[in-house]
Amino acid sequence: MISVQDLSTAELAALLHFHADAGVEWLLEDGPLDRFAEFAASRQNRPAHRETQSQPQQNEAPPRTAPSKPSSRAAAPPPAPAIQTNVAMPDDQAIAAARFAAEAARSLPELKTALESFNGCNLKNSARNTIFAEGDPSSGIMVIGPMPDADDDREGLLYVGKTGLLLDRMLAAIGLHRAQLLLTNVVPWRPPGNRSPSHAEMEICRPFIERQVALAEPKVLLLLGNFTARFFFGGAGTIHTLRGQWRDVASGHGIVPAIATLHPQELLNAPASKPLAWQDLLAFQARIREM
């Protein structure tokens, strides 16, 4: 059996990253323990039992013990159960609470505070960070992705790993930088294992992202990926059937034109789709120039 001491620094770092991506957040011991060695040592240190100790002598009366007296002390009450924090409420109540918290926010900083204080979604319990919008809300340009990935959740920032590098290149190709627009996600917490959020989780997060759009008042939206396109456009189509077409998205200040394109991760998985994304980016650039 290989112990932690036998691993190199690189192998240990890879192991820790694997545990983090798998959702392991707590260590039960400060160091590795060999339970087999502990068991063997306890067997060796156990005293041998003599037969005279295990069997009573014949014709020997058993020892008489005095009757136990009731204790004058009252029995100590059982310890109170630990209170679990961040317990998600039922879905209907959580959606109503999310809607109330989002609508009460009068600015993006207030909405960020409300989102960080909200405990009605199970995804928050497994995520390391609540990731909010970044960039310039006054630009009129808003780019929305689906949800944080493992790198984003670890750093507490939007699009920091390979997907972030590719997104920066995509924006730079049409003369944009992430600081010149408002970048955000539909879901502010990374789902365990990067799974797709459930319908209930998506509806709990809906009031917050819709309020972001209403408060930012963008003039144009770029939607990244299949999940984001379905969230705003509806239906069960794929990104290849939903991309490249301008559609109207309702917001708190009116109708916003939106176009969907492939997510950077989808382009990393299928580089042959980059020409399709380039067509979408050119259409997005042309719309910005009309603003």
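Residues numbered from 1 in each chain as written. Predicted model: local features only at pLDDT ≥ 70, side-chain atom pairs only at ≥ 80, totals over all residues. Heavy atoms only, no water.

Peer 1: Which parts of the structure should I look at to understand the nonpolar core?
Peer 2: Across soluble globular proteins, nonpolar side chains show a tendency to be buried alongside one another. Membership of the largest hydrophobic core comes to 66 residues, with the highest contact counts inside it found for Ile144, Phe232, Phe233 and Phe284. Among the elements that make up this core, the one with the highest residue count is helix H9 (residues 199-216) (seven residues). Setting aside anything within four residues of it in sequence, one finds Phe233 in contact with Leu223, Leu242, Arg247, Val249, Ala258 and Ala260. (Core = buried A, V, L, I, M, F, W, Y, C linked by side-chain atoms within 4.5 Å. Buried < 20%, exposed > 50% of the residue type's maximum accessible area, 1.4 Å probe, protein only. Helix = DSSP H or I, 4+ residues; strand = E, 2+ residues; numbered from the N terminus. Contact = heavy atoms within 4.5 Å.)

Peer 1: What should I look at first to understand helix H10 (residues 225-233) in this one?
Peer 2: Residues three or four positions apart in an α-helix share a direction because the helix packs 3.6 residues into each turn. The buried count for H10 comes to eight of nine residues, which makes it a mostly enclosed element. Three or more residues of H10 are buried, namely Gly225, Asn226, Phe227, Thr228, Ala229, Phe231, Phe232 and Phe233. Just past H10, the residue Gly234 takes up positive phi, approximately 80°.

Peer 1: Looking at this structure, how should I read the pattern of salt bridges?
Peer 2: Side chains that differ in charge, positive against negative, can pair when their charged atoms come close. Throughout the structure, instances matching the rule amount to six salt bridges. Residue Arg178 is joined to Asp168 by a salt bridge in which the shortest nitrogen-to-oxygen separation is 3.0 Å. Of the two residues, Arg178 sits in the loop between helix H8 (162-173) and strand S3 (182-185) while Asp168 sits in helix H8, which places them ten residues apart along the sequence. Notably, a salt bridge pairs Glu203 with Arg206, separated by 3.1 Å at the nearest N-O pair. Of the two residues, Glu203 and Arg206 are both situated in helix H9; the distance of three residues between them amounts to about one turn of the helix. One connected set of salt bridges, linked through shared partners, spans Glu203, Arg206 and Glu210. (Salt bridge = Lys/Arg side-chain N within 4 Å of Asp/Glu carboxyl O.)

Peer 1: It is not clear to me how the packing of helix H5 (residues 108-117) against H9 should be interpreted in this structure. Could you clarify?
Peer 2: When two helices pack together, their arrangement is given by the angle between their axes and by how far apart the axes lie. Orientation of H5 relative to H9, taken along the N-to-C sense of each, is 170°, at an axis distance of 10 Å. Considering their axes alone, H5 and H9 lie roughly antiparallel with respect to each other. Across the interface between the two elements, Leu108, Leu111 and Leu115 of H5 pack against Phe208, Arg211, Gln212 and Leu215 of H9. Its residues placed into classes, the contact of H5 with H9 shows five nonpolar, one polar and one charged. (Axes fitted to C-alpha atoms, helices over the stretch in contact; angles between N-to-C directions. Parallel < 35°, antiparallel > 145°, perpendicular 65-115°, else oblique. Nonpolar A, V, L, I, M, F, W, Y, C, P; charged D, E, K, R; others polar.)

Peer 1: In this structure, what is going on with the packing of aromatic side chains? I would like to understand it.
Peer 2: Aromatic ring pairs are reported here in terms of the distance separating the ring centres and the angle at which the planes meet. Within the structure shown, the criterion is met by three aromatic pairs. With 5.1 Å between their ring centres and 75° between their planes, Phe231 and Phe232 make a pair best called edge-to-face. Considered together, Phe231 and Phe232 belong to a single accessibility category, that of buried residues. A cation sits over an aromatic face here: Arg247 above Phe233, 4.9 Å from the ring centre. Directly above the ring of Trp246 sits Arg287, whose terminal nitrogen or CZ lies 4.7 Å from the centroid. (Phe/Tyr/Trp six-rings, centres within 6.5 Å; stacked < 30°, edge-to-face > 60°. Lys NZ or Arg CZ within 6 Å of the ring centre and 35° of its normal.)

Peer 1: Help me understand unusual backbone geometry in this model?
Peer 2: For residues besides glycine, phi is generally negative; the peptide bonds are generally trans as well. Positive phi is not limited to glycine here, since Asn194 has a value of about 60°. Its place among the elements puts Asn194 in the loop between S3 and H9. Despite not being glycine, Glu217 shows a phi value in the positive range, around 50°. Structurally, Glu217 is set in the loop between H9 and strand S4 (220-224).

Peer 1: Is there a simple way to explain the sheet that holds strand S2 (residues 141-145) in this structure?
Peer 2: Strands in a sheet are paired, the pairing made by backbone hydrogen bonds, and the direction either parallel or antiparallel. One open sheet accounts for six strands, arranged S1-S3-S2-S4-S6-S5; its pairing is mixed. Looking along the sheet, the strands with just one partner apiece sit at the ends: strand S1 (134-135) and strand S5 (247-251). As paired elements, S1 and S3 share two bridges and run antiparallel to each other. Across the sheet, Glu134 pairs through a bridge with Leu183, a residue of S3. Each of S2, S4, S5 and strand S6 (254-261) is contacted by H10, which is oriented at about 135° to S4, the strand it contacts most. (Pairing = 2+ DSSP bridges.)

Peer 1: In this structure, what is going on with helix H4 (residues 91-104)? I would like to understand it.
Peer 2: With 14 residues, H4 ought to run about 20 Å at 1.5 Å a step, and its terminal C-alpha atoms sit 20 Å apart, in line with that. Within the sequence span of H4, burial applies to Ala94, Ile95, Ala98, Ala101 and Ala102. Down the axis of H4, the buried side of the element spans an arc of 130°, and every buried residue falls inside it. Set apart from the buried face of H4 by more than 90 degrees, the exposed residues are Asp92 and Phe100. (Expected span 1.5 Å × (residues − 1). Arc of directions from axis to C-beta.)

Distances and angles like these do not, on their own, reveal function.
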